[in-house]
Amino acid sequence: MSIRLKTAGEIDAMAAAGVAVASALDRMKAAAKVGVTLLELEDIAREELKRHHASPSLLGYQPSFSSVPYQFATCLSLNDEVIHGLPRPKALKEGDLLGMDLVGNIDGWHADSTVSVLIGEGKPNARKLLMATRDAMWIGIRKCVPGATLGDVGHAIQTFLEKNRLGIVRDLSGHGVGTAVHEGGLDVLNFGQPGRGVRLEPGMTFAVEPMVTGGSGRVRQAPGDPWTIFTADHTLGAHFEHTIAVTEDGPRVLTALPK
Ligand code: MF3
Ligand code: CO
């Protein structure tokens, strides 16, 4: 599979979608309180994308693993759900750990990002999982410089998470992002060996997204639901994600609010 490098203008187009996604996630984060339902968060995402003239990329999206299109703008994954949890009329409660995943596009240029939040204080193990997953994402992003390899990125993430005795979800990975939500040729694993894998070049755009659990890292498909993936041992799952571009000057985060 060939990797399509993006021009500076194309990267700017993705960053515009990224701003819409980042501000939607920001609003959702502020709204995620006890008593608020997952569907209310879905509505905020749709409204905020619209305000930025961006479209919800997942609405009607049919990934290769599914026989039906997805029906929402967001994936909202609660507690032992790791990814692809469904917006539903369920109200948040104290101590919940919620992953909020959103993909938006402007004129077909996509940007994909996820934040996890704790509702209220949360238990120490949940706080640790959340912070370590976010740190692991940034450790991976910092490795995304020209000349490094995806093995270097995965290795850095893996080393950090194993030191923290957390479970890496090995069945799932980051991916190329651009004119599609998932572009082929770039599987951004959260484990790896230094110097192995695709060598990074300016113009590559992809999602760095550690998915991490408090247990073994093994995951399962929810019965009767083709989307939701939860932890096999029912420990908590956390997920952070940014879409980045590799540039001559190092990684550029495309799903961030403008400074
Ligand atoms: N951000 C999600 C991912 O990278 C988008 C997939 S959502 C799907 O896996 F449920 F529609 F597949
Ligand atoms: Co993604």
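Starting from 1, residues in each chain are numbered consecutively following that chain's sequence as written. Numbering of ligands from 1 and lettering of chains from A proceed in the order in which they are written. pLDDT decides what is reported in this predicted model: residues at 70 or higher carry local features, side-chain atom pairs at 80 or more are listed and counted, and totals for whole chains, interfaces and linings draw on all residues regardless. Only hydrogens and water are set aside; all other atoms, that is, all heavy atoms of the structure, feed into the side-chain values.

Draft legend 1. The arrangement of the pattern of salt bridges in detail. Throughout this description, the term salt bridge denotes a Lys or Arg side-chain nitrogen within 4 Å of a carboxyl oxygen of Asp or Glu. Inspection of every chain in the model, using the stated rule, returns 10 salt bridges. Across the pair glutamate 183 and lysine 6 runs a salt bridge whose closest N-O atoms are separated by 2.6 Å. Of this pair, glutamate 183 sits in strand S8 (residues 183-188) while lysine 6 sits in the segment before helix H1 (8-31); the two residues are 177 residues apart in sequence, bridging distant segments of the chain. Notably, a salt bridge pairs glutamate 42 with arginine 46, separated by 2.6 Å at the nearest N-O pair. A residue pair is termed a helical-turn pair when its members lie 3 or 4 positions apart in one helix, as glutamate 42 and arginine 46 do in helix H2 (residues 38-51) at 4 residues. Only protein chains enter the calculation, and the probe is 1.4 Å; a residue is then buried if its accessible area is under 20% of its type maximum, exposed if over 50%, and partly exposed in between. Judged by relative accessible area, which is 1%, glutamate 42 ranks as buried. Residue classification places arginine 46 among the partly exposed residues on the basis of a relative accessible area of 33%. Overlapping salt bridges, with partners in common, bring together Arg27, Glu47, Glu48 and Arg51 in one network. Here a helix means four or more residues in a row that DSSP labels H or I, a strand means two or more in a row labelled E, and each is numbered from the N terminus.

Draft legend 2. Expanded view of the coordination of the cobalt ion (ligand 2). Here the cobalt ion (ligand 2) is held by Asp112 (OD), His175 (NE2), Glu209 (OE) and Glu241 (OE), and the distances to it run 2.1 to 2.4 Å. Along the chain, the residues donating to the cobalt ion (ligand 2) are arranged with the sequence spacing D-x62-H-x33-E-x31-E. Placement of histidine 175 in strand S7 (residues 174-176) and of glutamate 209 in the loop between strand S9 (205-208) and strand S10 (211-213) is noted, with a sequence separation of 34 residues between them. No difference in accessibility class separates histidine 175 from glutamate 209, as the two residues are buried. A donor here means any N, O or S atom no more than 2.8 Å from the metal (3.2 Å for Na, K and Ca); water is not included, so a site may seem to lack partners.

Draft legend 3. Here's a closer look at the pairing of strand S15 (residues 250-253). Strands are treated as partners if at least two bridges between them are detected by DSSP. Pairing between strand S14 (residues 242-247) and S15: 4 bridges, direction antiparallel. Paired with threonine 247 across the bridge in S15 is glycine 250. Hairpin remark: S14 followed by S15, antiparallel, with 2 residues in the connecting loop.

Draft legend 4. Spatial organisation of the packing of H1 against H2. Here, axes are lines fitted to C-alpha atoms. For helices the fit covers the stretch in contact, and angles between N-to-C directions go from 0 to 180 degrees. Direction vectors running N to C along H1 and H2 enclose 145 degrees, while the axes themselves pass 9 Å from each other. For the element pair H1 and H2, the recorded crossing hand is right-handed. On H2, the residues touching Ala20, Val21, Ser23, Ala24, Arg27, Met28 and Ala31 of H1 are Leu41, Ile44, Ala45, Glu47, Glu48 and Leu49. The residue makeup of the contact of H1 with H2, split by class, is 9 nonpolar, 1 polar and 3 charged. Helix crossings get a hand from a simple test, with the near helix turned counterclockwise from the far one by less than a right angle marking a left-handed crossing and a clockwise turn marking a right-handed one. Residues are treated as being in contact if the distance between any of their heavy atoms lies within 4.5 Å. By the convention adopted, Pro, Cys, Tyr, Trp, Phe, Met, Ile, Leu, Val and Ala count as nonpolar, Lys, Arg, Asp and Glu as charged, and the other residues, Gly among them, as polar.

Draft legend 5. Representation of the nonpolar core. By nonpolar core is meant a set of buried Ala, Val, Leu, Ile, Met, Phe, Trp, Tyr and Cys residues that side-chain atoms within 4.5 Å join together. Judged by nonpolar contacts, the single largest core of 57 residues is most densely connected at Leu41, Leu98, Met100, Leu200 and Phe206. It is helix H3 (residues 124-142) that provides the largest number of residues to this core, a total of 8 residues. Look past the residues within four positions of leucine 41 in its chain and what remains in contact with it is Met28, Ala31, Ala32, Val36, Leu76, Leu92, Leu98 and Met100. Residues Ala15, Val177, Ala245 and Leu254 belong to the second largest nonpolar core, which totals 8 residues.

Draft legend 6. Expanded view of the environment of glycine 9. Position of glycine 9 among the secondary structure elements: in helix H1. Spatially, the C-alpha atom of glycine 9 lies 34 Å from that of valine 82, the residues being 73 residues apart in sequence.

Draft legend 7. Representation of H2 in the model. In this model H2 runs 20 Å from its N-terminal to its C-terminal C-alpha over 14 residues, within 8% of the 20 Å that 1.5 Å per residue would give. The secondary structure elements touched by the buried residues of H2 are H1, strand S1 (55-56), strand S2 (74-78) and strand S4 (97-106). At the exit of H2 stands histidine 53, carrying a positive phi of roughly 60 degrees. Expected span, for any helix, means 1.5 Å times one less than how many residues it has.

Draft legend 8. Highlighting the site of ligand 1. Here, proximity means that at least one heavy atom of the residue falls within 4 Å of the molecule or strand. Looking at ligand 1, there are 15 residues lining it, with His84, Asp101, Asp112, His175 and His182 nearest. Histidine 84 is positioned with one of its side-chain polar atoms (N or O) 3.0 Å from an oxygen atom of ligand 1. Whenever two N or O atoms come within 3.5 Å, that pair is a polar contact, provided that in protein one can donate a hydrogen and the other can accept it, and provided that, for residues adjacent in sequence, both atoms are side-chain atoms. One of the side-chain N or O atoms of glutamate 209 is found 3.5 Å from an oxygen atom in ligand 1. Relative to its unbound accessible surface of 330 Å², ligand 1 loses 96% to contact with the protein. Of the two site types, the cavity is a set of points on a 1 Å grid over the protein atoms alone where a 1.4 Å probe fits but cannot get out, and the pocket is an open set with protein on both sides within 12 Å along at least five of seven lines, each lined by residues with an atom within 4 Å of a point. Whether a molecule sits in a cavity or pocket is decided by its atoms, more than half of which must lie within 2 Å of the grid points. When each cavity is represented as a set of grid points, ligand 1 is found to reside in the largest pocket. For the shell around ligand 1, the per-class residue count stands at 8 nonpolar, 3 polar and 4 charged. For every accessible area listed, the method is Shrake-Rupley and the probe measures 1.4 Å; residues are considered covered only by the protein chains on display.

Draft legend 9. Local environment of the layout of surface pockets. Grid points are joined across faces, edges and corners, and a volume is the space filled by probe spheres set on the points. The computed volume of the largest pocket comes to approximately 520 Å³. Lining the largest pocket are 28 residues, with Phe65, Ile83, His84, Leu172 and His182 positioned closest to its centre. If you list the elements that add at least two residues to the lining of the largest pocket, you get S4 and S7. Within the lining of the largest pocket, the residues separate by chemical class into 14 nonpolar, 8 polar and 6 charged.

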